[in-house]
Amino acid sequence: MTLNNIEHNINFFNKKLPEQTKLIAISKTKPIELIMQAYNAGQRLFGENKVQEMVHKHQLLPKDVLWHLAGHLQTNKVKYIAGFVNLIHSVDSFKLLTEINKEALKNKRVINCLLQVHIANEDTKFGLSKIELFDLLHNKALSELNNVKIIGLMGMATNTNNNEQIQAEFKSLKYLFEQIKSGFNLPNVALTELSMGMSDDYEIAVTQGSTMVRIGSAIFGERIY
Ligand SMILES: *Cc1c(COP(=O)(O)O)cnc(C)c1O
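Procedures and definitions
Residues numbered from 1 in each chain as written. Predicted model: local features only at pLDDT ≥ 70, side-chain atom pairs only at ≥ 80, totals over all residues. Heavy atoms only, no water. Near = heavy atom within 4 Å. Polar contact = N/O pair within 3.5 Å; in protein donor to acceptor, adjacent residues only side chain to side chain. Areas by Shrake-Rupley, 256 points an atom, 1.4 Å probe, with all protein chains shown as cover. Nonpolar A, V, L, I, M, F, W, Y, C, P; charged D, E, K, R; others polar. Buried < 20%, exposed > 50% of the residue type's maximum accessible area, 1.4 Å probe, protein only. Helix = DSSP H or I, 4+ residues; strand = E, 2+ residues; numbered from the N terminus. Right-handed = clockwise from strand over helix to strand, strands pointing away. Pairing = 2+ DSSP bridges. Contact = heavy atoms within 4.5 Å. Axes fitted to C-alpha atoms, helices over the stretch in contact; angles between N-to-C directions. Parallel < 35°, antiparallel > 145°, perpendicular 65-115°, else oblique. Left-handed = near helix turned anticlockwise from the far one by under 90°. Phe/Tyr/Trp six-rings, centres within 6.5 Å; stacked < 30°, edge-to-face > 60°. Lys NZ or Arg CZ within 6 Å of the ring centre and 35° of its normal. Expected span 1.5 Å × (residues − 1). Arc of directions from axis to C-beta.

What to know about the site of the ligand
Okay, so step 1: Lining the immediate surroundings of the ligand are Ile26, Lys28, Ala70, Met198, Ser199, Arg214, Ile215, Gly216, Ser217 and Arg223.
Okay, so step 2: In the environment of the ligand, a nitrogen atom lies 2.9 Å from a nitrogen or oxygen atom belonging to the side chain of Arg214.
Okay, so step 3: Relative to its unbound accessible surface of 390 Å², the ligand loses 91% to contact with the protein.
Okay, so step 4: Taken together, the residues of the shell around the ligand break down into four nonpolar, three polar and three charged.

What to know about the pairing of strand S5 (residues 111-117)
Okay, so step 1: Of all seven residues that make up S5, six are buried, and the element is covered over most of its length.
Okay, so step 2: The β-α-β motif built from strand S4 (residues 87-91), the intervening helix H5 (residues 94-106) and the parallel element S5 has right-handed crossover chirality.
Okay, so step 3: Alignment of S5 against strand S6 (residues 148-155), held across seven bridges, turns out to be parallel. Across the sheet, Cys113 pairs through a bridge with Ile150, a residue of S6.

A word on the environment of Ser217
Okay, so step 1: Tracing the chain through its elements places Ser217 in helix H9 (residues 217-220).
Okay, so step 2: Each C-alpha atom, one on Ser217 and one on His56, is 21 Å from the other, the two residues being 161 residues apart in sequence.
Okay, so step 3: If we ignore the near neighbours within four places in the chain, the residues touching Ser217 are Ser199, Glu222 and Arg223.
Okay, so step 4: Here Ser199 takes part through its side chain, which lies 3.4 Å from a polar atom of the side chain of Ser217.

Details of the packing of helix H1 (residues 5-16) against helix H2 (residues 32-40)
Okay, so step 1: Direction vectors running N to C along H1 and H2 enclose 45°, while the axes themselves pass 8 Å from each other. Put simply, H1 runs oblique to H2. Crossing of H1 against H2: the hand is right-handed. Mapping the contact onto sequence places Ile6, Glu7 and Ile10 in H1 and Leu34, Gln37 and Ala38 in H2.
Okay, so step 2: In the contact of H1 with H2, the residues fall into four nonpolar, one polar and one charged.

Observations regarding the packing of aromatic side chains
Okay, so step 1: Going through the model one piece at a time under the given rule, you end up with four aromatic pairs.
Okay, so step 2: Taking 5.1 Å as the distance between ring centres and 65° as the angle between the ring planes, the aromatic pair formed by Phe13 and Tyr202 counts as edge-to-face. Taken together, the positions of Phe13 in helix H1 and Tyr202 in helix H8 (residues 202-207) put the pair 189 residues apart, joining distant regions of the chain.
Okay, so step 3: On the basis of relative accessibility, which here comes to 8%, the residue Tyr202 falls in the buried class.
Okay, so step 4: By the ring-pair criterion, three or more aromatic residues cluster together here, those being Phe12, Phe13 and Tyr202.
Okay, so step 5: One Lys or Arg, Arg44, reaches over the ring of Tyr39 and ends 3.6 Å from the middle of that ring.

Observations regarding the environment of Phe46
Okay, so step 1: By secondary structure assignment, the location of Phe46 is in strand S2 (residues 45-48).
Okay, so step 2: Separated by 95 residues in the primary sequence, Phe46 and Ala141 place their C-alpha atoms 31 Å from one another.
Okay, so step 3: If we skip the residues at most four places from it in the chain, Phe46 touches Ile24, Ala25, Ser27, Ile35, Ala38, Tyr39, Val65, Leu66, Trp67, His68 and Phe220.

Some words on H1
Okay, so step 1: With twelve residues, H1 should reach 16 Å at 1.5 Å per residue; the first-to-last C-alpha distance of 16 Å fits that figure.
Okay, so step 2: If you check which residues of H1 are buried, you get Ile6, Glu7, Asn9, Ile10 and Phe13. Taken down its axis, H1 places every buried residue within 165° of arc, on the same side. Exposed side of H1, more than 90 degrees from the buried face: Asn5 and Lys15 are the residues found there.
Okay, so step 3: Buried-residue contacts for H1 involve strand S1 (22-26), H2, H8, strand S8 (212-215) and H9.
Okay, so step 4: At the N-terminal boundary of H1, the capping side chain belongs to Asn4, with an oxygen 3.0 Å from the backbone nitrogen of Ile6.

These figures capture arrangement, not role.
Laid out in C-alpha cells, this is it:
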C-alpha cells in the first residue's frame, strides 16, 4: 500500500512529536477530501480559524472529529460553534469569555478555552498583553463563569528566521503558564495545555514545553488564498 502525502505527514508528526505534545491539524482553506486523508491516517484533532468554515466542515465530516478554533473569534459568532467546539485557542477578552459561557450554558456544555497571549514582537498578532492576561484572571466575575474552563495558554511567535528570538518568546509563554498554573485557585482555571508552535517553528516550541502544535502547511501543503 502506498501512502499519500497527507497520510505520510500525519505519520511523520505522530512519530516525531513527544508523547505530551498533541498534533492539531490546521485544515483552513483545505477541502473535505484532503481532510479525510488526514482523518483516515488516524487524525482526529482539527483546527480552523474561521467560524463559518468550521461549521461547514463540522457538518460534512465524521462526528468523532474534535474541532479546535484557533483564529480570532468575534462575540457575535460564538453561538454558531458553541454546540460542538472542543477547544477555543483564541480567547482574548473577558467579554468574549462571558459570551462563550452564555452560549455554552444554552447548550448545556462546558467549553474548554485557552487564553491567547501576545508574545510576538509584532503588532499584527492578536492576543492579550501580560497585564491584560492577569487582569482577566483577577476579574472577580471569572469564578462565576461555570460553563467555561480555562485549560491553558496559546501564543504565536514572531515570524522571523531568528531562532533565539522565537525560543525566547515561547519561553516567556511557558513561564506565564507555570506562574498561572501554581498561582490561581479557581474551579474553572486549571492549566494543562500550552498551545504553541506552527509548521515553521514547532520544533522550537516543543523544546519549550508545547503540549499542542498547530500544524497546517506542513501537513496539507501551502495554502492558496
Ligand atoms: C494558519 C494557522 C496555523 C498553522 O499555520 P502553518 O504555518 O500553516 O502551520 C496555526 N495557528 C493559527 C492560529 C493559524 O491561523
